[in-house]
Amino acid sequence: GLGGARAMADRLGVDPARAAAIDKARSDASKVLMELAEFAFTNRVLFFNEEDRRSVARLAAANLEVDLDEARELVSRAEDRVQRMAELLAP
């Protein structure tokens with residue numbers, strides 16, 4: 001990391017308030033991206049061999065429903081946070 005807002009201000013050559021805003025945007029983006037990773041981890045399907053793969057495919061065809069609205073919302077929130085960081089970092 002950049003060592004917090006104060007160190008970030010020194011390294012980026014920005015005022016402390018702007019550095020604090022950048023650090024908050026970075027933290028917010030990180031949290032949302034961790035939520036997205038958790039969603040992906042929770043909704044993964046593992047198989048260990050060809051027979052498992054066929055079984056998973058049969059089950060998926062029959063009743064595998066994943067609500068992707070949550071993932072889309074997380075992606076949208078992450079994009080917003082990263083965009084905010086980009087705006088704050090722009091000269």
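Residues numbered from 1 in each chain as written. Predicted model: local features only at pLDDT ≥ 70, side-chain atom pairs only at ≥ 80, totals over all residues. Heavy atoms only, no water.

Trainee: Explain the nonpolar core residue by residue, including any values.
Mentor: Counting residues in hydrophobic clusters, the biggest one holds eight residues: Met 8, Ala 9, Val 14, Ala 19, Ile 22, Ala 25, Met 85 and Leu 88. At the level of elements, helix 1 (4–12), helix 2 (16–42) and helix 4 (68–89) are the ones that each hand at least two residues to this core. Element by element, the count of residues in this core is highest for helix 2, at three residues. Those residues in contact with Ala 25 that sit more than four places away from it in its chain are Arg 81, Arg 84, Met 85 and Leu 88. (Core = buried A, V, L, I, M, F, W, Y, C linked by side-chain atoms within 4.5 Å. Buried < 20%, exposed > 50% of the residue type's maximum accessible area, 1.4 Å probe, protein only. Helix = DSSP H or I, 4+ residues; strand = E, 2+ residues; numbered from the N terminus. Contact = heavy atoms within 4.5 Å.)

Trainee: How would you sum up the pattern of salt bridges? Please name residues and give values.
Mentor: Under the defined criterion, the tally for this structure stands at six salt bridges. Between Asp 23 and Arg 26 there is a salt bridge; the shortest N-O distance is 3.2 Å. With a gap of three residues between them, Asp 23 and Arg 26 both fall in helix 2, about one helical turn apart. The residue Glu 50 makes a salt bridge to Arg 53 at a minimum N-O spacing of 2.5 Å. In this pair, Glu 50 and Arg 53 are both assigned in helix 3 (residues 50–63), three residues apart and thus about one turn of the helix distant. Within this structure, Glu 50, Arg 53 and Arg 54 form a network of salt bridges that share partners. (Salt bridge = Lys/Arg side-chain N within 4 Å of Asp/Glu carboxyl O.)

Trainee: Describe helix 4, with residues and values.
Mentor: Spanning 22 residues, helix 4 covers 31 Å between terminal C-alpha atoms, matching the ideal 32 Å at 1.5 Å per step. For helix 4, the secondary structure elements touched by its buried residues are helix 2. Sitting at the head of helix 4, Asp 67 places a side-chain oxygen 3.1 Å from the backbone nitrogen of Asp 69. (Expected span 1.5 Å × (residues − 1). Polar contact = N/O pair within 3.5 Å; in protein donor to acceptor, adjacent residues only side chain to side chain.)

Trainee: Can you break down the environment of Ala 7 residue by residue, with the values?
Mentor: Along the chain, Ala 7 falls in helix 1. Its relative accessible area of 23% is what places Ala 7 among the partly exposed residues. When the C-alpha positions of Ala 7 and Asp 52 are compared, they lie 51 Å apart, and in sequence the two are 45 residues distant.

Geometric values such as these leave the question of function open.
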